[in-house]
Amino acid sequence: MSERRVNTEVVCPVVSGRFDFVVDTGLTAGEAALKIAGEVRKALKTDVILNDEGLLLYASGSRLPLDPEERLEKYGVTNGSILMLIQEQKNDTQN
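Residues numbered from 1 in each chain as written. Predicted model: local features only at pLDDT ≥ 70, side-chain atom pairs only at ≥ 80, totals over all residues. Heavy atoms only, no water.

1. Section: unusual backbone geometry
Reasoning step 1: Positive phi is not limited to glycine here, since Ser-16 has a value of about 50°.
Reasoning step 2: By the element assignment, Ser-16 lies in the loop between β1 (5-12) and β2 (17-24).
Reasoning step 3: Overall, Ser-16 belongs to the exposed group, its relative accessible area being 71%. (Helix = DSSP H or I, 4+ residues; strand = E, 2+ residues; numbered from the N terminus. Buried < 20%, exposed > 50% of the residue type's maximum accessible area, 1.4 Å probe, protein only.)

What follows is the structure in structure tokens.
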């Protein structure tokens, strides 16, 4: 795994916040999303991000989520990149 740490900004709409993170581009998008969510929970002392299910990262300007199995370096994440952390909502309605 490549280890290249870069400074990124992460937008987290569920808490209406923007955070600066140093991430390793050798992490998968899924690993990075889990790490970022954990840090946001800890920093804000909140459980708004209830669990780790459905967490997705989007690259700035992208309309598609980053594949959780692919490494951030594949998506060209570099210093100054802006990522967005989204938690997909599950529809638990039954007919």
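2. Structural notes on the sheet that holds β2
Reasoning step 1: Spatial strand order, β2-β1-β4-β3: four strands in an open sheet with mixed pairing. Each end of this open sheet is capped by a strand with a single partner; those strands are β2 and β3 (55-59). Looking at each pair of strands side by side, their axes are set apart by 35° on average, direction ignored.
Reasoning step 2: Sheet topology places β1 next to β2; eight bridges connect them, and they run antiparallel. Within β2, the residue paired with Val-10 across the bridge is Phe-19.
Reasoning step 3: Against the sheet, helix α1 (residues 29-44) contacts β1, β2, β3 and β4 (81-87), and its axis sits at roughly 105° relative to β3. (Pairing = 2+ DSSP bridges. Axes fitted to C-alpha atoms, helices over the stretch in contact; angles between N-to-C directions. Contact = heavy atoms within 4.5 Å.)

3. Side note on the pairing of β1
Reasoning step 1: Linking β1 to β2, which pair antiparallel, is a turn of four residues; within it Ser-16 sits at a positive phi near 50°.
Reasoning step 2: Here β1 runs beside β4; their pairing, made up of four bridges, is parallel. Among the inter-strand pairings, Thr-8 is bridged to a residue of β4, identified as Ser-81.

Coordinates in, geometry out; function isn't part of it.
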